[in-house]
Amino acid sequence: MFQRFRRTRLNKHLRALVRETHVSVDDFIYPLFIRSGEKIKTEVASMPGVYQMSIDEAIQECEELKSLGLYSIILFGIPDTKDSIGSDALCEHGIIASAIKEIKKAHPDMFVVTDLCFCEYTDHGHCGIIDEERETVNNDATLEISAQQAIVHAKAGADMIAPSGMMDGIIETLRVALDGAGYENLPIMAYSTKFASGYYGPFRDVAESTPSFGDRASYQMDPANAREAVAESISDEAQGADILMVKPALAYLDIVRKIKDNTTKPMAVYNVSGEYAMLKFAGMNDLIDYERVVMETMISFKRAGADIIISYHAKEVAKMLQTS
């Protein structure tokens, strides 16, 4: 006798009872882009609904997030002045350190994650100190200043640090530095598998981090490599990462599943700017049922193995969940 799979689909309550994958507000981290000044909230043309904000506006934004049940954010800083090594990121009075302090003061119950990188802070737009001869980032020199940046974030009150520069050895470097400074309980969310992707385009508008020369293919991962992706994550796990990440998410769900099956750490995905913009503009032009497709996308991340979703859709998803 053939199996009647439709038996459990005919009633909506039974469909809910047997549903395998669930999305919750607890799954999300919402990105915020912070710049200096007051009462600044500038929408990014390529990412409708996403803003550059001054710290006071970000504090107000946290009120709305909490009203939706969203308590986790990841901060990106946009400094007034950039230089060759991203000095603002190393300063205890820089934009990111100031933002952490003020947000945690106003909202001690918010879980504040910090993106640890240099592309937003350097005048060349790359993720560390430049190796002039090879026209790429000097890995080991960048490790040294990354450790300094981590201590700045920790002192300011960050709840978790997320290094995104794709430097070899970054997790061990940060773990040793943090432990040595007395921050052994501060977790690290590793951008373990960050691909050199075309999906990042709109992010460079909001973060003002377009490289002034070349691209990041010499340090971010080749999108064609699956085995290497797994190896990167296994290496970060061994170095002491607390959470592993795949970025971008939508075109790399096979990678999410492979890493989930080969590691033991919680798994995050970054639903990046290009993925967000594609759905946003498709919805604005009535090409898709926007809310339905957004939720379907979130379910795909969870089904592939993600425990955490970093997404610009987080507020919209929270509102959908409230009305569902």
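Preceding this section is the structure that the text describes.
Each value, and the rule that gives it
- Residues numbered from 1 in each chain as written.
- Predicted model: local features only at pLDDT ≥ 70, side-chain atom pairs only at ≥ 80, totals over all residues.
- Heavy atoms only, no water.
- Buried < 20%, exposed > 50% of the residue type's maximum accessible area, 1.4 Å probe, protein only.
- Helix = DSSP H or I, 4+ residues; strand = E, 2+ residues; numbered from the N terminus.
- Contact = heavy atoms within 4.5 Å.
- Pairing = 2+ DSSP bridges.
- Core = buried A, V, L, I, M, F, W, Y, C linked by side-chain atoms within 4.5 Å.
- Phe/Tyr/Trp six-rings, centres within 6.5 Å; stacked < 30°, edge-to-face > 60°.
- Lys NZ or Arg CZ within 6 Å of the ring centre and 35° of its normal.
- Expected span 1.5 Å × (residues − 1).
- Disulfide = S-S within 2.5 Å.

1. Notes on helix H5 (residues 170-180)
Then, in step 1: For H5, the set of buried residues is Ile170, Ile171, Leu174, Arg175, Ala177 and Leu178.
Then, in step 2: Those residues of H5 hidden inside the fold are in contact with strand S5 (111-116), helix H4 (139-156), strand S8 (160-163), strand S9 (189-194) and helix H7 (227-239).
Then, in step 3: Of the residues trailing H5, Gly182 is marked for its positive phi of about 90 degrees.

2. Details of the side chain of His153
Then, in step 1: The residue His153 is located in helix H4 in this model.
Then, in step 2: The exposure class assigned to His153 is buried, which follows from its relative accessible area of 0%.
Then, in step 3: Ignoring any residue separated from it by four or fewer positions in sequence, one finds His153 in contact with Ile96, Ile100, Thr114, Asp115, Leu116, Ala158 and Ile161.

3. Some words on the environment of Leu186
Then, in step 1: Relative to the helices and strands, Leu186 is located in the loop between H5 and S9.
Then, in step 2: Among the residues examined, Leu186 registers a relative accessible area of 9% and is labelled buried.
Then, in step 3: Each C-alpha atom of the pair Leu186 and Gly157 lies 9.9 Å from the other, and the pair is 29 residues apart in sequence.
Then, in step 4: Those residues in contact with Leu186 that sit more than four places away from it in its chain are Ala154, Ala158, Asp159, Met160, Ile161, Arg175, Leu178 and Asp242.

4. A look at the environment of Cys119
Then, in step 1: Along the chain, Cys119 turns up in the loop between S5 and strand S6 (130-131).
Then, in step 2: The sequence separation of Cys119 and Ser67 amounts to 52 residues, and the corresponding C-alpha distance is 32 Å.

5. Considerations on the pairing of strand S12 (residues 308-311)
Then, in step 1: In S12, alternate side chains face the same way, and those of Ile308 and Ile310 on one face and Ile309 and Ser311 on the other are all buried.
Then, in step 2: Relative to S12, strand S1 (residues 28-35) runs parallel, the two sharing two bridges. For Phe28, the partnering residue across the bridge sits in S12 and is Ile309.
Then, in step 3: Note: strand S11 (residues 267-271) against S12, four bridges, orientation parallel. In the sheet register, Ala268 faces S12, and the bridge partner there is Ile308.

6. As for the nonpolar core
Then, in step 1: One finds Leu32, Ile73 and Leu75 to be the most contacted residues of the largest nonpolar core, which totals 77 residues.
Then, in step 2: For this core, the element with the highest residue contribution is H4, accounting for seven residues.
Then, in step 3: The contacts of Leu75, once residues within four sequence positions are left out, are Leu32, Ile34, Ile96, Ala99, Ile100, Ile103, Val112, Val113, Thr114 and Asp115.
Then, in step 4: Listed in part, the 24 residues of the second largest apolar core include Val44, Phe76, Ile78 and Phe203.

7. Here we look at the packing of aromatic side chains
Then, in step 1: On inspection of all chains with the given rule, the structure shows six aromatic pairs.
Then, in step 2: In textbook terms, an aromatic cluster arises when at least three aromatic residues are bridged by ring pairs, as seen for Phe33, Phe76, Tyr191, Tyr270, Tyr276 and Tyr312.
Then, in step 3: Between the NZ or CZ atom of Lys247 and the centre of the ring of Tyr200, over which it lies, the distance is 5.2 Å.
Then, in step 4: Here the guanidinium or amino end of Lys247 rests over the ring plane of Tyr270, the centre of that ring lying 4.3 Å away.

8. A few points about helix H3 (residues 95-106)
Then, in step 1: An ideal rise of 1.5 Å per residue puts 16 Å on 12 residues; H3 measures up with 16 Å between its terminal C-alpha atoms.
Then, in step 2: For H3, the complete set of buried residues consists of Ile95, Ile96, Ala97, Ala99, Ile100, Ile103 and Lys104.

9. Digging into the environment of Phe301
Then, in step 1: Positionally, Phe301 belongs in helix H10 (residues 290-304).
Then, in step 2: With relative accessibility at 0%, the residue Phe301 sits in the buried group.
Then, in step 3: Sequence separation of Phe301 and Asp115 is 186 residues, and the distance between their C-alpha atoms is 21 Å.

10. Let's talk about the state of the cysteines
As used in these notes, a disulfide is a covalent bond between sulfur atoms, one from each of two cysteines.
Then, in step 1: Within the structure shown, the criterion is met by zero disulfides.
Then, in step 2: No disulfide involves Cys91; its sulfur sits 18 Å from the nearest other cysteine sulfur, which is in Cys117.
Then, in step 3: Among the cysteines around Cys119, which has no disulfide bond, Cys117 carries the closest sulfur, lying 4.1 Å off.
Then, in step 4: Here Cys119 falls in the buried class, since its relative accessible area comes to 6%.

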